[in-house]
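Secondary and tertiary structure notes
The residues making up each chain are set out below.
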Amino acid sequence: QLQLVESGGGLVQRGGSLRLSCTTSGITVGRYVIGWFRQAPGKEREGISSITKSGSDAEYADSVKGRYTVSRDNTKDTVHLQMNSLKPDDTGVYYCAARPTPYSFTSLDSRDYDFWGQGTQVTVSS
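Overview of the structure.

About the thresholds
Residues numbered from 1 in each chain as written. Predicted model: local features only at pLDDT ≥ 70, side-chain atom pairs only at ≥ 80, totals over all residues. Heavy atoms only, no water. Pairing = 2+ DSSP bridges. Helix = DSSP H or I, 4+ residues; strand = E, 2+ residues; numbered from the N terminus. Axes fitted to C-alpha atoms, helices over the stretch in contact; angles between N-to-C directions. Phe/Tyr/Trp six-rings, centres within 6.5 Å; stacked < 30°, edge-to-face > 60°. Buried < 20%, exposed > 50% of the residue type's maximum accessible area, 1.4 Å probe, protein only.

The strand order β1-β3-β8-β7 describes an open sheet built from four strands, whose pairing is antiparallel. A strand with exactly one partner marks an edge of an open sheet, and here the two such strands are β1 (3-7) and β7 (68-73). With strand direction ignored, the average angle separating the axes of adjacent strands in the sheet is 15°. For β1 and strand β3 (residues 18-25), the ladder comprises five bridges, and the chain directions are antiparallel. Its bridge partner lying in β3, Leu 4 is registered against Thr 24.

Structure (structure tokens):
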């Protein structure tokens, strides 16, 4: 059974940084494209980053480009999301998700992902 668990969320001031981790169990994470999504209160879930199975390529939403960096360590079955220069608009619940194994390309569309973590809260104060 595939399980994904996010960690690293918390409260940070504007301009601060956080590093989220997505740890998997029951699978070899290197078999999956992993995406990061966030959902702010009253808003739809937004795709913010995605990384290929090997980590050789990544995709970012315009809203986070230049501030966020996704990486993965397949030897530890972990994917990270480094978030810098945080803004209050970055506040929300952050989720990691895995695409079904036949797919190798990144995607920011939540419909392309079948497996989801429970989310971790990120709050950026002004």
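There is more to say after this.
What follows covers the packing of aromatic side chains. Counted under the stated rule, the structure contains five aromatic pairs. For the ring pair Tyr 32 and Phe 115, a centre distance of 6.2 Å and an interplane angle of 90° mean the geometry is edge-to-face. Residue Tyr 32 is found in the loop between β3 and β4 (34-39), and its partner Phe 115 is found in strand β10 (residues 115-116); the two are separated by 83 residues along the sequence. We classify Tyr 32 as buried; its relative accessible area is 8%. Judged by relative accessible area, which is 30%, Phe 115 ranks as partly exposed.

So, about unusual backbone geometry. With a phi close to 50°, Asp 77 is a non-glycine residue in the positive phi region. Backbone geometry places Ser 85, a non-glycine residue, at a positive phi of 50°. Relative to the assigned elements, Ser 85 resides in the loop between β8 (78-83) and β9 (92-98).

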